[in-house]
Amino acid sequence: MSELRRGTHRSASTLGWATALGLIACSGQLADEPTTGNGADLQGAGGPEGPALGEAVAFEAALRAGGSCERLLQSFQDQLLEQVRERAEQARNGQGGYYGYPVATAPVPASAPGQADSSNPLLAGGATSSGGFSGTTVQVPGVDEADFVKTEGDHIYLLHGPSLYVLDAASAESTEILGSVAIEGDPIELFARGDEVVVFSRYYGALPGTDQSTNPYNYYYYPTYTKLTVVDVGSGAPQVVRESYVEGDYASSRRHDGIVRAILQESSKAQLDYPNVSYVDFLGHPYSQAEIDRQVDLWVSLATDTIEDSLIEDYLPSEFERVDGVLVKKPLRCGDYWLPGPGLTQAGASTILTLDLDDLDTGLRRTTVLGYADRIYANDDAIVLTQTDYRYYTGQQASLQTNIHRFEIAGAETHYAASGTFAGSISSQFSLDEQDGVIRLATTESNWGVPSPLPLEEGIAGAGGGVALPAPPAGPVSRVLTLGQRGQRLIELGRSADFGANEQVYATRFLGDRGYVVTFRQIDPLFVIDLSDPSDPKIAGELQLQGFSNFLYPLPDQHLLAIGQDADASGFVQGMALQIFDVRDSSAPRLAHKYVFSEQGYSDASSDHRAITFHPDQNLVAFPFQSYNTGETTLEVFRVSISDGFTRLGGVQPRARELSPRECLALYGYPDDPALLEDVAANPDNYAYIFDECRYYAQPRLRRGLFRGDDVYTVTTQDVSAYALDGLAGPALSSVALPVNYPYYYPYYGGGGMAGAAGSAGSFSMPDGGTGAAGSAAMTGAGGAGFE
């Protein structure tokens, strides 16, 4: 495969859209794709010469299989050649903007002096583990989502620092650590099922013992691997049984019983720079168009030569498996790729990686689509990925839009189904949903007086069937769309009226035939969307309050639990707020109950739904809360009733333990040296700053709460402790110490997205292996049951 390359160089004059179109059309069609779809769709998007820069273009109707490695290499090269064409055209038109020349002030050709133009309700968290523990709060019941702590039977599985810990929690009074195992790389999240735990970790840089190495001349690309470690925990003491490494960054994951799917984001190993064009000489005289063209032509020629000489290995990510202690490289799998037409996506790729826990010998399966996945939704039948189309920011289209891809899942199989596009972007995975084959989504379009490429209508010519609409009003507006699958196209079935003008979407939840959307700028409108007729979504009702909600959770009898922030009449954010909305009458939603924290503070539950925990049997919720006044964290426990509102049972504050001088020095990276400790004892003033900071940073921070029966467990940066629900202010029933963490900044355990994507904090290591624990952020969601 190392000799696989394109043998004939093309001149700069052959980089037009028509050439790229002809090449990609030769790559073959999917079995059920209409034979008239390829050329007609692309020409409809902008004619035979392709879309003009600045023109909004809908995503191509269907992706194409990569097929053979020869065909896949050709497609990668065509993608890059289209970028060369676009950037060359921008540079010729004075849009290079390089080294201090902004686009708006780049001179036009000397012949025309002047300035260039600026062109199912359940409140048990969705998945209750066996043994009576509360489970991870998820978006879709039965579809598990990874977290850094999981429960299974009487066991708690916890990622803390660089290790996986297995705790026996059969009795709250005698909780203990059964064993631990070091996880290579930076542990992020895990799944637990039966006697097996799957841990996702990041490994940065080249893998030892392989031919992978960083390229000092390609400063764009630095290898990042996602490692999947399968651990057998059947005997209590964890044992690693499988280790796989896949090039790409972990974004999120889902589990359907024994089938684990992880979504990875792969950086492009081949990223073009922009032409380094000078528009004026060193005396400040504008260059002529011919002189500018010569500079651009040289860049085009060099870039084209590099692309034409590239190999398939220059593009595809590497995959390794550890066999008998040795890393074995897996063969390239070109047929796993799904490709849009040239120039219709940004750099990078998104991979759905599948592991069957009941058939580990089969290894990993993968399905890859070009472009980064921002949001991920999964139910029992499908996985839906959305990709923000960033070509708007480079001036290649008139407005921001989002590409959407649907994959059907059955057992361990993942099959590409259809693609489409819609105007604007979505704020979280909760803005995405599918019911009875209809995709529902809440999108926000930020407009600057430009036409929208939507709606999509079946039978309209163009890439995806886009048609121009009148220019929308300036500022962001939101709407709810419904999409249906027609062959390999996702077409628009209906759309609601625009709402939330000049406001951003803060929370969305789709439940049954309704959608609930919260927007905010100064007030908090809750919009109720009637989706009973997918072809005609309607705004059924609206409720306006001060403040905003970050997440919405279903309660029985058509009520919603909302977590967010209170605000004054001017929109100034006040304390954290809990609310219950009565939405039985969709035309007149009302606020039933509200609880506002008396002091300013923040909860991870506002940015990561997995941080809120629902009791399996009682009307209780728990979440961490950090006070802005004191910096201290507590686990807040509330009883929730749709009739009586919120009753605070108390807040569990973690107990800090005094660290020894040796522990403090170790957290700062000092060696465990008796001579050093003697010097500390003799000259304490020289080390006072270390111990002052150690006392501050070593304060325990609440990470999660876990319910079981009449007890609640707290997971902190220092320990796992159990408390009686009727004695939250009292001493712990038991407490298991963990190695103390000292991250450079305290990790924000939750948050962000997919795009979410997960993040972690660096840390010093303890001699016993403790390090700063990693945070994670895959935006996902929840539901609940059992409330009054």
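None of these values were measured; they are calculated from a predicted model. (Residues numbered from 1 in each chain as written. Predicted model: local features only at pLDDT ≥ 70, side-chain atom pairs only at ≥ 80, totals over all residues. Heavy atoms only, no water.)

**Student:** Lay out the overall build of the protein chain in plain terms, naming residues and giving numbers.
**Tutor:** A tally of regular secondary structure across the protein chain gives seven helices and 41 strands. Taken over 788 residues, the protein chain has a buried fraction of 59%. Approximately 29100 Å² of the protein chain is accessible, and the part contributed by carbon and sulfur atoms is 50%. (Helix = DSSP H or I, 4+ residues; strand = E, 2+ residues; numbered from the N terminus. Buried < 20%, exposed > 50% of the residue type's maximum accessible area, 1.4 Å probe, protein only. Areas by Shrake-Rupley, 256 points an atom, 1.4 Å probe, with all protein chains shown as cover.)

**Student:** Mind laying out the sheet that holds strand 10 (residues 249-256), listing which residues take part and the relevant values?
**Tutor:** A sheet is described by the order of its strands in space; here six strands give the open sequence 1-14-16-15-11-10, paired in mixed fashion. This sheet does not close on itself; its edge strands, each paired only once, are strand 1 (64-65) and strand 10. For strand 1 and strand 14 (residues 337-339), the ladder comprises two bridges, and the chain directions are antiparallel. Note on strand 14: the bridge partner recorded for Arg-64 is Leu-339. Of the strands in this sheet, strand 14 and strand 16 (365-370) touch helix 3 (residues 69-92), which is tilted by about 40 degrees from strand 14. (Pairing = 2+ DSSP bridges. Contact = heavy atoms within 4.5 Å. Axes fitted to C-alpha atoms, helices over the stretch in contact; angles between N-to-C directions.)

**Student:** If you had to explain a nonpolar patch on the surface to someone new, which residues and values would you point to?
**Tutor:** A contiguous nonpolar surface patch, about 210 Å² in accessible area, is contributed by Val-323, Val-326 and Val-328. By secondary structure assignment, the location of Val-328 is in strand 13 (residues 326-329). (Patch = residues over 30% accessible without salt bridge, like charges linked within 9 Å, V, L, I, M, F, W, Y side chains within 5 Å. Salt bridge = Lys/Arg side-chain N within 4 Å of Asp/Glu carboxyl O.)

**Student:** Hey, could you go over the packing of aromatic side chains for me, with residue numbers and the actual values?
**Tutor:** In the structure shown here, the tally under the stated rule is 21 aromatic pairs. Summarising the aromatic geometry, the rings of Phe-499 and Phe-527 are spaced 4.6 Å apart at their centres and angled 35 degrees between planes, so their arrangement reads as tilted. With a gap of 28 residues between them, Phe-499 in the loop between strand 24 (489-495) and strand 25 (504-511) and Phe-527 in strand 27 (residues 523-530) connect regions that are remote in the sequence. Residue Phe-499 is classed as buried on the basis of its relative accessible area of 4%. (Phe/Tyr/Trp six-rings, centres within 6.5 Å; stacked < 30°, edge-to-face > 60°.)

**Student:** Describe in detail empty space enclosed by the protein, supporting the description with residues and values.
**Tutor:** Quantified by volume, the largest cavity comes out at close to 110 Å³. Around the largest cavity, the lining is made up of 15 residues, and of these Ser-134, Gly-135, Thr-136, Val-149 and Leu-706 lie nearest the centre. Elements that contribute at least two residues to the lining of the largest cavity include exactly strand 2 (149-152) and strand 38 (702-708). When the residues that make up the lining of the largest cavity are grouped by side-chain class, the tally is three nonpolar, eight polar and four charged. Computed from the structure, the second largest cavity encloses a volume of approximately 90 Å³. (1 Å grid on protein atoms, 1.4 Å probe; cavity = no way out; pocket = protein on both sides within 12 Å on 5 of 7 lines; lining within 4 Å. Points joined across faces, edges and corners; volume = space filled by probe spheres on them. Nonpolar A, V, L, I, M, F, W, Y, C, P; charged D, E, K, R; others polar.)

**Student:** Explain the confidence of the model for the protein chain to me, using residue names and the numbers behind them.
**Tutor:** Averaged over the protein chain, the pLDDT score is 77; the fraction of residues at 70 or greater is 73%. Considering only residues more than four positions removed or in separate chains, one finds that residues 97-130, a stretch of pLDDT under 50, has 83 contacts. In the model, residues 449-473 has pLDDT below 50 throughout and makes 66 contacts with residues more than four positions away in sequence or in other chains. (pLDDT = per-residue confidence, 0-100.)

**Student:** Lay out the sheet that holds strand 2 with the relevant residues and their values.
**Tutor:** A sheet is described by the order of its strands in space; here four strands give the open sequence 2-3-4-5, paired in antiparallel fashion. Each edge of the open sheet carries a strand with a single partner, namely strand 2 and strand 5 (176-182). Pairwise comparison of adjacent strand axes, ignoring direction, gives a mean angle of 20 degrees for this sheet. Of the pairings in the sheet, the one linking strand 3 (residues 155-160) to strand 4 (residues 163-168) comprises six bridges and is antiparallel in character. Bridge pairing links Leu-159 to Leu-164 in strand 4.

**Student:** Describe the pairing of strand 19 (residues 401-410), and please don't skip the residues or the numbers.
**Tutor:** Of all ten residues in strand 19, eight are buried; the element is thus mostly enclosed. As judged from the eight bridges shared by strand 18 (residues 382-389) and strand 19, these two strands associate in the antiparallel manner. Bridge pairing in strand 19 places Ile-383 opposite Phe-407. In this structure, strand 19 lies alongside strand 20 (residues 413-423), joined through ten bridges in antiparallel fashion. Its bridge partner being in strand 20, Phe-407 is matched across the sheet by Tyr-416. A loop of two residues connects strand 19 with strand 20, the two strands running antiparallel in sequence, and Gly-411 in this loop sits at a positive phi of about 60 degrees.

**Student:** Break down helix 3 for me, with residues and values.
**Tutor:** Here helix 3 is 24 residues long and its end C-alpha atoms lie 34 Å apart, about the 34 Å a rise of 1.5 Å per residue gives. In terms of burial, helix 3 is largely enclosed, as 20 of its 24 residues are buried. Two residues or fewer after helix 3 comes Gly-94, characterised by a positive phi angle close to 80 degrees. (Expected span 1.5 Å × (residues − 1).)

**Student:** Which residues make up unusual backbone geometry, and what values go with them?
**Tutor:** With a phi close to 55 degrees, Asp-324 is a non-glycine residue in the positive phi region. Mapped onto the elements, Asp-324 comes out in the loop between strand 12 (319-323) and strand 13. Look at Asn-502: it is not a glycine, yet its phi comes out positive at around 60 degrees. Its location among the elements puts Asn-502 in the loop between strand 24 and strand 25.

**Student:** Go over the state of the cysteines with me, naming the residues and quoting the values.
**Tutor:** Tallied over the entire structure, the rule returns two disulfides. Here Cys-69 pairs with Cys-334 through a disulfide, and the sulfurs are 2.0 Å apart. Between Cys-69 and Cys-334, the S-S torsion sits near 90 degrees, and that sign places the bridge as right-handed. In this structure, Cys-69 and Cys-334 share a single accessibility class: buried. Across the disulfide, Cys-664 is cross-linked to Cys-694 (sulfur-sulfur distance 2.1 Å). Since a negative S-S torsion denotes a left-handed disulfide, the Cys-664-Cys-694 link at about -80 degrees is left-handed. Taken together, the positions of Cys-664 in helix 5 (residues 661-667) and Cys-694 in helix 7 (residues 688-697) put the pair 30 residues apart, joining distant regions of the chain. The class of Cys-694 is buried, set by a relative accessible area of 5%. Ordering the disulfide-forming cysteines of the protein chain by sequence position, one finds them joined as 1-2, 3-4. (Disulfide = S-S within 2.5 Å.)

**Student:** Residue-level account of the side chain of Ser-252, with values.
**Tutor:** Here Ser-252 is to be found in strand 10. Residue Ser-252 is classed as buried on the basis of its relative accessible area, which comes to 3%. Polar contacts involving the side chain of Ser-252 include one to the side chain of Arg-254, which spans 2.8 Å. (Polar contact = N/O pair within 3.5 Å; in protein donor to acceptor, adjacent residues only side chain to side chain.)

**Student:** Pulling in residues and values, what's your account of the side chain of Glu-445?
**Tutor:** Topologically, Glu-445 is positioned in strand 22 (residues 438-447). Here the side chain of Glu-445 touches Arg-479 through a polar contact of 3.0 Å, side chain to side chain.

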